[in-house]
Amino acid sequence: MILGYARVSTEDQKLDAQTDALTAAGAERIFAERSSGSVRNRPELDRLLDQLRAGDVIVVTKYDRLARSLRNLLEIVEAIAERGAGFRSLAEDIDTTTPAGRLIFHVFASIAQFERERISERTREGLAAAKKRGRTGGRPPALTEDQKIEVRRMRDVERRPLPDIAALFRVSTKTVRRA
C-alpha cells in the first residue's frame, strides 16, 4: 500500500498541493497534519508509522515534510526500513524501494555521518587548544576554595542545616553536599 504523509507548519498554510501530489503519486491513504517540523509530538506521523506494514511505501512531496533535519530523516527512514517498508520523496527523487534510490539515500546518510564526525573532531581540537592556553570549559565553580573550606566547617563541625548554609552562600543544598 502507498501511504502519503503531508504536513504544514502553520494554521494558515494549505495542505492541498501536497495532498494532490500524493494522490497523483498513487497514495491510497494520506496522513496530514498541521504541526511544526521541530515538534516531536506529531500524532499523524506516529499513527502512520504504527499502521505501517511490510511492503508498504511512505510517500512525501519533499523530505523536509517528514523530518526536522537530515539526522531525523535518517532515523525515521531507518524505522520505516525496520518494518520492511519503503520511503519515497517526490521532489528529491529518492525511492528506497529501488537499488539506485537506496544508494542515493545511503550517500545522504554517509555525508551526514561524516559531518557529525567532523564536528566532533573540531570540537575536540578546539578544547585541546584551549586547554593548552590554560582555559578549561564548563561552568565556573559556584564556590571558591576558601568558601568550600568554610562550607565544610559549617556542615561537618558546626552541624548547621544544609538549607541554611546554602542560603548563606546563595547556592543549592546539592552544592553544599558536594563541597
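Look above for the structure.
The present account deals with the structure reproduced in this document. (Residues numbered from 1 in each chain as written. Predicted model: local features only at pLDDT ≥ 70, side-chain atom pairs only at ≥ 80, totals over all residues. Heavy atoms only, no water.)

### Quick notes on the overall build of the chain
- When helices and strands are counted, the chain shows 7 helices and 5 strands.
- Reading the chain from its N end, one meets helices and strands in the order β-α-β-α-β-α-β-β-α-α-α-α.
- Considering only C-alpha atoms, the chain reaches an extent of 75 × 35 × 30 Å along its principal axes.
- By the burial criterion, 34% of the 179 residues in the chain qualify as buried.
- Put simply, of all contacts in the chain between residues at least 6 apart along the chain, 58% involve residues at least 24 apart.
- Just so you have it, the chain exposes about 11,500 Å², and 52% of that area is on carbon and sulfur atoms. (Helix = DSSP H or I, 4+ residues; strand = E, 2+ residues; numbered from the N terminus. Buried < 20%, exposed > 50% of the residue type's maximum accessible area, 1.4 Å probe, protein only. Contact = heavy atoms within 4.5 Å. Areas by Shrake-Rupley, 256 points an atom, 1.4 Å probe, with all protein chains shown as cover.)

### Notes on helix 6 (residues 162–169)
- Those residues of helix 6 not exposed but buried are I165, A166 and F169. The buried residues of helix 6 occupy an angular sector of 100° when the element is viewed end-on, so they sit on one face. Away from the buried face of helix 6 by more than 90 degrees, exposed residues P163, A167 and L168 are located.
- Looking one or two residues past helix 6, R170 carries a phi angle of roughly 55°, positive in sign. (Arc of directions from axis to C-beta.)

### So, the pairing of strand 3 (residues 57–60)
- Every second residue of strand 3 is oriented toward a common face, with V57 and V59 on one face and I58 and V60 on the other, all of them buried.
- Taken together, the 3 bridges between strand 1 (residues 2–8) and strand 3 define a ladder with parallel strand orientation. Residue pairing across strands places I2 opposite V57, the latter belonging to strand 3.
- One crossover worth recording links strand 3 to the parallel strand 4 (residues 86–89) by way of helix 3 (residues 70–82), and it is right-handed. (Pairing = 2+ DSSP bridges. Right-handed = clockwise from strand over helix to strand, strands pointing away.)

### Details of the pattern of salt bridges
- The final tally for this structure, using the stated rule, is 10 salt bridges.
- Here R122 ties to E115 by a salt bridge, and the two come within 3.3 Å at their closest N and O atoms.
- The class of R122 is partly exposed, set by a relative accessible area of 39%.
- Its relative accessible area of 36% is what places E115 among the partly exposed residues.
- K148 is paired through a salt bridge with E145; the nearest N and O atoms lie 3.6 Å apart. With K148 and E145 both in helix 5 (residues 145–157) and 3 residues apart, this pair spans about one turn of that helix.
- By relative accessible area, which is 24% here, K148 ends up partly exposed.
- Looking at E145, the relative accessible area reads 53%, which means it is exposed. (Salt bridge = Lys/Arg side-chain N within 4 Å of Asp/Glu carboxyl O.)

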